[in-house]
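# Topology and contacts: notes
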Amino acid sequence: MTTRSPRIEFAVGAFLLLALASLLVLALASTNGSFGFGGDRYEITARFTNLGPLRANAPVKVGGVTIGQVAAIELDPVRLDSVVTLSIDKRYDQLPGDTSAAILTSGLLGESYVGLAPGGDPLPLQPGDEIFLTQPSVDLMQLVGRYMFSGGGDNGGAADDAAAEQPTDEPASDVPPYLQ
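This is a predicted model, so every value here is computed, not measured. (Residues numbered from 1 in each chain as written. Predicted model: local features only at pLDDT ≥ 70, side-chain atom pairs only at ≥ 80, totals over all residues. Heavy atoms only, no water.)

## Structural notes on the confidence of the model for the protein
Summary statistics for the protein give a mean pLDDT of 81 and a share of 76% for residues scoring 70 or more. Mean pLDDT across the elements of the protein ranges from a minimum in helix α3 (residues 157–165), with 51, to a maximum in strand β2 (residues 59–62), with 94. (pLDDT = per-residue confidence, 0-100. Helix = DSSP H or I, 4+ residues; strand = E, 2+ residues; numbered from the N terminus.)

## Re the pattern of salt bridges
In this structure the tally under the stated criterion is 5 salt bridges. For glutamate 130, the salt bridge is made with arginine 47, and the minimal N-O distance between the two is 3.2 Å. In this pair, glutamate 130 is assigned in strand β7 (residues 130–131) and arginine 47 in strand β1 (residues 41–48), connecting sequence segments 83 residues apart. On the accessibility criterion, glutamate 130 (23% relative accessible area) is partly exposed. By relative accessible area, which is 18% here, arginine 47 ends up buried. In this structure, the salt-bridge partner of aspartate 89 is arginine 91, at a minimum N-O distance of 3.1 Å. You can call aspartate 89 buried: its relative accessible area is 14%. (Salt bridge = Lys/Arg side-chain N within 4 Å of Asp/Glu carboxyl O. Buried < 20%, exposed > 50% of the residue type's maximum accessible area, 1.4 Å probe, protein only.)

## Observations concerning the environment of alanine 58
Within the secondary structure layout, alanine 58 lies in the loop between β1 and β2. C-alpha separation for the pair alanine 58 and glutamate 111, spaced 53 residues apart in sequence, amounts to 8.0 Å. When neighbours within four sequence positions are excluded, alanine 58 is seen to be in contact with Gly68, Gln69, Val70 and Ser112. (Contact = heavy atoms within 4.5 Å.)

## Digging into the nonpolar core
Among the nonpolar cores identified, the biggest contains 20 residues, and Leu86, Ile88 and Leu116 are the most heavily contacted of them. Secondary structure elements with two or more residues in this core: β1, β3 (65–75), β4 (82–89), β5 (100–105) and β6 (112–117). At 4 residues, β1 tops the list of elements feeding residues into this core. Residue contacts for leucine 116: discarding those within four places in its chain leaves Val60, Lys61, Val62, Gly63, Ile67, Leu86, Ile88, Leu95, Thr99, Ser100, Ala101 and Ile131. (Core = buried A, V, L, I, M, F, W, Y, C linked by side-chain atoms within 4.5 Å.)

## Notes on the pairing of β5
Strand direction decides the pairing type here: β5 and β6, joined by 6 bridges, are antiparallel. What sits directly across from alanine 101, in β6, is leucine 116. Here β5 folds back onto β6, and the loop between the two strands holds 6 residues, one of which, glycine 107, carries a positive phi near 75 degrees. Relative to strand β8 (residues 133–135), β5 is paired through 3 bridges, and the arrangement is parallel. (Pairing = 2+ DSSP bridges.)

See the structure below:
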């Protein structure tokens, strides 16, 4: 029977403790340090007509600084718009009552997040309040489609063509209308 060295057993034990500690740090970092306990947060809601790729746990930012996350996304069965519940850190409990919310994207193809723009109302938002000034997500594919199929820079359309074909009683002149 072979005897084990206490140094090897100590090294293996230390390695296992280090691995467990690193897994704990990774788990803490992936949950933004909350582990699902929302005691230090308060919730407000916002309604949007188009969420785009916004998902639960997306960040909520003010001026690029993360102050919370999206707690839940639901559909209002009466108004048929999306109700987004925002979980905001208690340190930021003085957001003005006229704060606006927009769904933004980090870069061209980055993650979606809710961007808040504080207003000037002296009364702060209270837990359970709703943000009424909202801007929905911009659909990039729809914008590209509109640009591609709009005919380039000439957006006059059929109305301008019909007006150009209407006969007038005035004689044709080479002088532009703004000089007449």
